[in-house]
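# Close look at the chain arrangement
Below are the chains, spelled out letter by letter.
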Amino acid sequence: MGKKGLGINTQLVHAGERGAPPQGKPVSTPIYATATFTYDSMAEVDQVFAGEQQGYIYTRYGNPTVAALEEAVRVLEAGAAACAYSTGMAALHAAIFACELAPGATILASQDLYGATIDLLYKIFGSYGIKTATADFSDVAALRAKALEVGPRVLIAETISNPLLKVCDIAACAEIAREVRARFIVDNTFTSPYLCQPLKLGADFSVHSATKYLSGHADVMGGVVVARDEVDLPTLIGVMKLVGGILGVWEAHEIHRGLKTLSVRMDRQCANAASLAEYLSSHSRVSRVHYPALATTPNRDLMKRVLRSPHAGALVSIELQENTREAAFRFMDALTLCVRSTSLGDVFTSVLHPATASHREMSPKRRLQLGITEGLVRISVGIEDVADIIEDIQQALEKSAGGGGRVVYS
Ligand SMILES: *Cc1c(COP(=O)(O)O)cnc(C)c1O
């Protein structure tokens, strides 16, 4: 370092960096876009590595922006610990891994889990000798019989099943899990902690695709695992450190921002969904509406026990009278406001065709067994004016009507 001071190349690298923390505490967590952290001495670094002093070392091990989101979701889920990952799938993988399964162990999964979760169980965990059995988690007696038969180490379900929107009796399933000494993982993506807190109902892990309701704006991907017991934290962090699918700091910031309006969005979305479901249940071109709050839905008091009243979620699935893929595609193509998109939980209303999207990998025979027909369309209801949503769906149903001798121009 001569008297001329630092060269331009050195200045480019170092100027402005590593200043003292700013005076005044930021009211929202800054994006700590840093891969690594430095300390004044190696002795301090050594202490942090040893866990004798609190501190960040390397962003794959932890980052303040991500930690702020983890803490927020942990509080909302009433858990003991939370870890964020790059996607919901990475989070599910971490939660299953945290159950410490040995080859030969069995996972008992709800038969109508998200399609990729089923694939994760068979293709990834299956390749390590871990077996998967499935059961209808809405039939508690059958589930218990199956659990006693296969002796699972893990039970996995979703708070509201996909795409037929059956509410899971989490407390009853947790009871069965305890009876057979299995861990119980609940994918809480469809409800968010605003509508349901699975850990309070006895689950061991609540998992989120933060890509959906938590962020809510279709502009980011992420996942979070919340554990009921702190003993699971080292394993969850271990997956973060060694598999490496961490949540990026920008994504963590976006999700944390989304979280602040979760209840406001959800209140509107659930109210809109209830109106839409009511409207569709008397529409002549719709043969069946799946929505937990309809008068025709069996076991509605279960919904009240599991979900925050008066809400029943913001997803509505419909089966078209003309129950074919062509009819579903015509209907979806005729929508002008609702977006055809492979996701859910966004501020805008979106539609998805389960048979060709979320459940595409499943055999047609298996899909039919589960009731996922070709004319089934899942609607994720947004925060728009409900009259506009209904009008768009109404005109698309009219316009796409086939088979009745109507000429369809378009
Ligand atoms: C989307 C989704 C996932 C996967 O989440 P990604 O963020 O896409 O990896 C898992 N479970 C459910 C219920 C989902 O809807």
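How each quantity is defined
- Residues numbered from 1 in each chain as written.
- Predicted model: local features only at pLDDT ≥ 70, side-chain atom pairs only at ≥ 80, totals over all residues.
- Heavy atoms only, no water.
- Near = heavy atom within 4 Å.
- Polar contact = N/O pair within 3.5 Å; in protein donor to acceptor, adjacent residues only side chain to side chain.
- Areas by Shrake-Rupley, 256 points an atom, 1.4 Å probe, with all protein chains shown as cover.
- Helix = DSSP H or I, 4+ residues; strand = E, 2+ residues; numbered from the N terminus.
- Phe/Tyr/Trp six-rings, centres within 6.5 Å; stacked < 30°, edge-to-face > 60°.
- Buried < 20%, exposed > 50% of the residue type's maximum accessible area, 1.4 Å probe, protein only.
- Core = buried A, V, L, I, M, F, W, Y, C linked by side-chain atoms within 4.5 Å.
- Domains from an automatic or database assignment.
- Contact = heavy atoms within 4.5 Å.
- Buried area = accessible area lost by both parts, 1.4 Å probe.
- Salt bridge = Lys/Arg side-chain N within 4 Å of Asp/Glu carboxyl O.
- Arc of directions from axis to C-beta.

With that out of the way, let us pick up the site of the ligand. The immediate surroundings of the ligand are formed by 15 residues, with Gly88, Asp187, Ser209, Thr211 and Lys212 found nearest. Between the ligand and Asp187, the relevant distance is 2.6 Å, taken from a nitrogen atom to a side-chain nitrogen or oxygen of the residue. The contact in question runs from an oxygen atom of the ligand to an N or O atom on the side chain of Lys212, over 2.8 Å. A total of 380 Å² of accessible area belongs to the ligand in isolation, and the protein chains cover 95% of it. With 3 residues, helix 4 (residues 88-97) is the single largest residue contributor to the shell around the ligand.

Next up on the list: the packing of aromatic side chains. The full count for this structure, using the stated rule, is 2 aromatic pairs. Here Phe37 and Tyr56 contribute two aromatic rings whose centre-to-centre distance is 5.4 Å and whose plane-to-plane angle is 35 degrees, an arrangement assigned as tilted. With Phe37 in the loop between helix 1 (8-14) and helix 2 (42-50) and Tyr56 in the loop between helix 2 and helix 3 (64-76), this residue pair connects regions lying 19 residues apart in the sequence. Overall, Tyr56 belongs to the partly exposed group, its relative accessible area being 31%. Judged by centre distance (5.7 Å) and plane angle (80 degrees), the rings of Tyr58 and Tyr61 are edge-to-face.

This part takes up the nonpolar core. The biggest cluster of nonpolar side chains holds 82 residues, and the ones touching the most others in it are Phe184, Leu280, Ile318, Phe331 and Ile393. Here this core takes 7 residues from helix 11 (residues 262-280), the largest share from any one element. In terms of domain composition, this core takes at least three residues from each of domain 1 (62-259) and domain 2 (262-400). Residues Ala95, Leu101, Leu120 and Leu236 belong to the second largest nonpolar core, which totals 30 residues.

Note that His353 resides in the loop between strand 11 (350-352) and helix 14 (364-370). Sequence separation of His353 and Ile379 is 26 residues, and the distance between their C-alpha atoms is 9.0 Å. Every residue in contact with His353, bar those within four places of it in the chain, is listed here: Arg325, Ala328, Phe329, Met332, Glu374 and Leu376. At a separation of 2.7 Å, a polar atom in the side chain of His353 contacts the main-chain carbonyl oxygen of Glu374.

A few words on the domain arrangement of the protein. By domain assignment, the protein separates into domain 1 (62-259) and domain 2 (262-400). Centre-to-centre separation of domain 1 and domain 2, based on C-alpha positions: 24 Å. Contacts between the two partners involve 34 residues from domain 1, matched on the other side by 39 residues from domain 2. Regarding the contact of domain 1 and domain 2, the summed buried area is about 3100 Å², with carbon and sulfur atoms giving 64% of it. Among the residues of domain 1 in contact with domain 2, Tyr194, Leu195 and Tyr213 are the three that bury the most area, contributing 27% of the side total. Taken together, the links from domain 1 to domain 2 amount to 1 salt bridge. A salt bridge links Arg305 to Asp169, with the nearest nitrogen and oxygen atoms 3.6 Å apart. If you look at where domain 1 meets domain 2, you find 13 residue pairs in polar contact (both at pLDDT 80 or more). Counting residues per element, the side of domain 1 that touches domain 2 draws most heavily on helix 8 (residues 192-195), at 4 residues.

Once that is clear, we can look at the pattern of salt bridges. Applying the stated rule across the entire model yields 14 salt bridges. A salt bridge links Arg257 to Glu254; the nearest nitrogen and oxygen atoms lie 3.4 Å apart. Of the two residues, Arg257 and Glu254 are both situated in helix 10 (residues 249-259); the distance of 3 residues between them amounts to about one turn of the helix. Residue class for Glu254 comes out partly exposed when judged on its relative accessible area of 25%. Each of Arg183, Asp204, Arg228 and Asp232 takes part in salt bridges that share partners, so that together they form one network.

A turn of α-helix holds 3.6 residues, and therefore any two residues three or four places apart point the same way. For helix 13 (residues 325-334), the set of buried residues is Ala327, Ala328, Phe331, Met332 and Ala334. Across the axial projection of helix 13, the buried residues extend over an arc of 165 degrees, all falling on one side. For helix 13, exposure combined with an orientation more than 90 degrees from the buried face picks out Glu326 and Asp333.

With respect to the element layout, Thr34 can be found in the loop between helix 1 and helix 2. A residue is classified by how much of its surface remains accessible, and Thr34, at 28% relative accessible area, is partly exposed. Considering only alpha carbons, one finds Thr34 and His14, 20 residues apart in sequence, at a separation of 14 Å. For Thr34, the contacting residues outside a window of four places in its chain are Thr59 and Asn63. Within the local environment of Thr34, its side chain forms a polar contact with the backbone oxygen of Thr36, the two atoms lying 2.7 Å apart.

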